[in-house]
Amino acid sequence: MSWNDFHQRQQALAEVLDSARRDLTAALDTVPSPFRDTDELLAALHHKWMQQLTGRVEVALIDTENEPHDDRVKAVTMAWRRTAGANPGLRAALDVHSANPALSAATEREHRLLAIAAGLADEHEPPHEVARVGRTFVQLLRATPIAKRDDRPSPLRKLIPSL
C-alpha cells in the first residue's frame, strides 16, 4: 500500500465515521473508494478499533504489572470502555454490523485478546474457548453500569496502597 493509498483509506474511514455520527443506519450504505465492498470496509473499521483498543489495553496492563488479578480485569474493562467512549461512531458501526460474517474472525480475535489480557483465559487454551470467555467478558462489561465515581486507576495508587 502506498502512502497515497493509506491516506485515501484513512480519509474514507473518517468520512464513514462522520456519517455514522449523523445517521448510523445509513453510514455504510455507500462504500467509499478505495474500498471494494462493505466487507473490506468493515474489516478496516475493525482494524482501526483494534489499534485503539490494543494500545489502551497494553498501557493498562503495564500500569497493573504487579497488581492482583482483579486489577487486570478492571484495567482491561476500563481500557475497553475508554476506547468505546473515545470512538462512539466506530463502536456503534461495528455493533450494528456485528452479525456480518466479515467481522466474525476479527471479533473472535478481539475476544481472545481481551480474555487473555484480563487474565481470564490462557493463550494455551483452545482458541474457541478463549474467544467464548472474551465474548462473555464483553457482554458483562457492557451490561454493567459504569460506576458514578471515576474508576480510573490512580497514579498515586502505587505510592499509597489505600487509594
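Look up a bit, the structure's there.
Residues numbered from 1 in each chain as written. Predicted model: local features only at pLDDT ≥ 70, side-chain atom pairs only at ≥ 80, totals over all residues. Heavy atoms only, no water.

(A) Geometry of the packing of aromatic side chains. Applying the stated rule across the entire model yields two aromatic pairs. Consider the rings of Trp3 and Phe6, whose centres lie 5.7 Å apart with planes at 20°: the pair is stacked. Residue Trp3 and its partner Phe6 are located together in helix H1 (residues 3-22), separated by three residues, close to a single helical turn. Look at Trp3 and you get exposed, because its relative accessible area is 63%. Residue classification places Phe6 among the partly exposed residues on the basis of a relative accessible area of 34%. Consider the rings of Trp49 and Trp80, whose centres lie 5.8 Å apart with planes at 75°: the pair is edge-to-face. Here Trp49 is found in helix H2 (residues 38-63), whereas its partner Trp80 is found in helix H3 (residues 69-86), with 31 residues between them in sequence. Residue classification places Trp49 among the buried residues on the basis of a relative accessible area of 0%. The class for Trp80 is buried, based on a relative accessible area of 5%. Sitting above the plane of the Trp49 ring, Arg91 keeps its charged end 4.5 Å from the centroid. (Phe/Tyr/Trp six-rings, centres within 6.5 Å; stacked < 30°, edge-to-face > 60°. Helix = DSSP H or I, 4+ residues; strand = E, 2+ residues; numbered from the N terminus. Buried < 20%, exposed > 50% of the residue type's maximum accessible area, 1.4 Å probe, protein only. Lys NZ or Arg CZ within 6 Å of the ring centre and 35° of its normal.)

(B) Just the packing of helix H5 (residues 104-117) against helix H6 (residues 127-143), in detail. Closest axis-to-axis distance for the H5/H6 pair is 7 Å, and the angle between their directions is 80°. In terms of their interaxial angle, H5 and H6 are classed as roughly perpendicular. Contacts between H5 and H6 pair Glu108, His111, Arg112, Leu114, Ala115 and Ile116 from the former with Pro127, Val130, Ala131, Val133, Gly134, Arg135, Phe137 and Val138 from the latter. Considering only residue class, the contact of H5 with H6 consists of nine nonpolar, two polar and three charged. (Axes fitted to C-alpha atoms, helices over the stretch in contact; angles between N-to-C directions. Parallel < 35°, antiparallel > 145°, perpendicular 65-115°, else oblique. Contact = heavy atoms within 4.5 Å. Nonpolar A, V, L, I, M, F, W, Y, C, P; charged D, E, K, R; others polar.)

(C) Focus on the nonpolar core. Ranked by internal contacts, the top residues of the largest apolar core, which has 32 residues, are Leu28, Leu45, Trp49, Trp80 and Leu114. Among the secondary structure elements, those contributing two or more residues to this core are H1, H2, H3, helix H4 (88-96), H5 and H6. Per-element accounting of this core gives the leading share, nine residues, to H2. Trp49 has contacts with Trp80, Thr83, Ala84, Leu90, Arg91, Leu94 and Glu110, leaving out every residue within four places of it along the chain. (Core = buried A, V, L, I, M, F, W, Y, C linked by side-chain atoms within 4.5 Å.)

(D) Just the pattern of salt bridges, in detail. Applying the stated criterion across every chain yields a total of nine salt bridges. Close ionic contact of Arg9 with Glu40 constitutes a salt bridge, the shortest N to O distance being 3.5 Å. With Arg9 in helix H1 and Glu40 in helix H2, this pair connects stretches of sequence that are 31 residues apart. Each member of the pair, Arg9 together with Glu40, is buried. Two residues, Arg36 and Glu40, come together in a salt bridge whose shortest N-O distance is 3.3 Å. The exposure class of Arg36 is exposed, given its relative accessible area of 71%. For Glu40, a relative accessible area of 18% puts it in the buried group. (Salt bridge = Lys/Arg side-chain N within 4 Å of Asp/Glu carboxyl O.)

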